[in-house]
Amino acid sequence: QKEVEQNSGPLSVPEGAIASLNCTYSDRGSQSFFWYRQYSGKSPELIMFIYSNGDKEDGRFTAQLNKASQYVSLLIRDSQPSDSATYLCAVIFGNEKLTFGTGTRLTIIP
Amino acid sequence: DAGVIQSPRHEVTEMGQEVTLRCKPISGHNSLFWYRQTMMRGLELLIYFNNNVPIDDSGMPEDRFSAKMPNASFSTLKIQPSEPRDSAVYFCASSPGTAVYEQYFGPGTRLTVT
């Protein structure tokens, strides 16, 4: 059973600080990794994807991938109240199917 | 460019009735996915299509669920007969496919079966 594990939280971070969200996955052969943001009552929104080891930055967001450790993380710099949401990690195991983690609920405290 | 379109946005029906959910993927996307989300089970993949062909339906819970994609711009998910445990939010997503795997979700259909 291919799995994606996330800490469900809630994770509380002061406004302006760095929020760090973590995800581990079970299949060493996985090649594609995604972070989705989901506001309450809304659909998941793709915010980052990463395919290669290392860091990928997009604005205030940085995705980090370590395939040897089977670990992917999302850093949010200068956290804003509008970043409060559930963050879903997703991994493709072999084919196009995304397997989602259960999500981490993030709250940014003003 | 329009995103993924789903209809209806909300559906309330009685147990035993047939329910049909509709999805229009992003134009040019080759893959389409149906998901179900509940508090208990999170986001679950039900079925996905590539170039209108069902590739993997292992997530379809039982024979009461069926999905079709008659052309590249339209898909349906049908539940017949519906049961209260089918109450959930159903999302459709599409991706370009062919080595580009980012999926984009529609707004979802909130289904309530009483």
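In this report, we go over the structure that sits alongside the text. Owing to the predicted nature of the structure, the values given are computational and were not obtained by experimental measurement. (Residues numbered from 1 in each chain as written. Chains lettered and ligands numbered in written order. Predicted model: local features only at pLDDT ≥ 70, side-chain atom pairs only at ≥ 80, totals over all residues. Heavy atoms only, no water.)

Some details on the environment of A:S30
Residue and element names in this part refer to chain A. The residue S30 is located in the loop between β3 (19–25) and β4 (32–38) in this model. For S30 and L75, which are 45 residues apart along the polypeptide, the C-alpha to C-alpha distance reads 21 Å. Leaving out residues up to four positions away in the same chain, S30 has contacts with Y25, K67, V91, I92 and F93. One polar contact links the side chain of S30 to the main-chain carbonyl oxygen of D27, over a distance of 2.9 Å. (Helix = DSSP H or I, 4+ residues; strand = E, 2+ residues; numbered from the N terminus. Contact = heavy atoms within 4.5 Å. Polar contact = N/O pair within 3.5 Å; in protein donor to acceptor, adjacent residues only side chain to side chain.)

Structural notes on the state of the cysteines
All names here are of chain B. Counted according to the given criterion, the structure contains two disulfides over all chains. Disulfide partner of C23: C92, at an S-S distance of 1.9 Å. The chirality of the disulfide connecting C23 with C92 is left-handed, given an S-S dihedral of about -70°. Linking C23 in strand β3 (residues 19–24) with C92 in strand β9 (residues 88–95), this pair joins segments that are 69 residues apart in sequence. Judged by its relative accessible area of 0%, C92 falls in the buried class. (Disulfide = S-S within 2.5 Å. Buried < 20%, exposed > 50% of the residue type's maximum accessible area, 1.4 Å probe, protein only.)

Some points on the pairing of strand β5 (residues 42–50) of chain B
For a regular strand, side-chain orientation follows a simple rule: the groups alternate between the two sheet faces. All names here are of chain B. Counting buried positions over the nine residues of β5 gives nine, a clear majority of the element. Two elements, strand β4 (residues 31–38) and β5, share eight bridges in a ladder whose sense is antiparallel. Counted as the bridge partner of S31 is N50 from β5. Turn length for the β4-β5 hairpin, with the two strands adjacent in sequence and antiparallel, is three residues. Across three bridges, the pairing between β5 and strand β6 (residues 53–56) is antiparallel. Note on β6: the bridge partner recorded for F49 is P54. Between β5 and β6, which pair antiparallel in sequence order, lie two residues; one of them, N51, sits at a positive phi of approximately 50°. (Pairing = 2+ DSSP bridges.)

Examining the nonpolar core
With 24 residues, the main nonpolar core has A:W35, A:V72, A:L74, A:I76 and A:Y87 as its most contacted residues. Listed by contribution, the elements that provide at least two residues to this core are β3, β4, β5 (45–50), β7 (61–66), β8 (71–76), β9 (85–92) and β11 (104–109) of chain A. Excluding residues that lie within four positions of it along the chain, A:Y87 makes contacts with A:Q6, A:L21, A:W35, A:Y36, A:R37, A:I47, A:L74, A:I76, A:G103, A:T104 and A:L106. Of all hydrophobic cores here, the second largest spans 21 residues; its members include B:I26, B:M60, B:L77 and B:Y90. (Core = buried A, V, L, I, M, F, W, Y, C linked by side-chain atoms within 4.5 Å.)

Topic: the interface of chain B and chain A
Interfaces are often described in size by the accessible area the parts lose on coming together. Taken together, the 20 residues of chain B in the interface contact 17 residues of chain A. Buried area between chain B and chain A, summed over both chains or domains, comes out near 1,500 Å², and the portion from carbon and sulfur atoms is 57%. On the surface where chain B and chain A come into contact, there are one salt bridge. Between B:D56 and A:K97 there is a salt bridge, with the nearest N and O atoms lying 2.9 Å from each other. Counting the contacts that link chain B with chain A gives five residue pairs in polar contact (both at pLDDT 80 or more). Breaking the side of chain B that touches chain A down by element, the ones donating at least two residues are β4, β5, β9 and β10 (104–105) of chain B. (Buried area = accessible area lost by both parts, 1.4 Å probe. Salt bridge = Lys/Arg side-chain N within 4 Å of Asp/Glu carboxyl O.)

Section: unusual backbone geometry
In this model, A:G9 is joined to A:P10 through a cis peptide bond whose omega is 10°. Mapped onto the elements of the fold, A:P10 is located in the loop between β1 (4–6) and β2 (11–14). In this structure, the amide linkage connecting B:Q80 to the following residue, B:P81, adopts the cis form with an omega of -10°. Even without glycine at this site, B:N51 takes up a positive phi of about 50°. Assignment of secondary structure puts B:N51 in the loop between β5 and β6. Owing to a relative accessible area of 48%, B:N51 belongs among the partly exposed residues under this scheme.

Geometric values such as these leave the question of function open.
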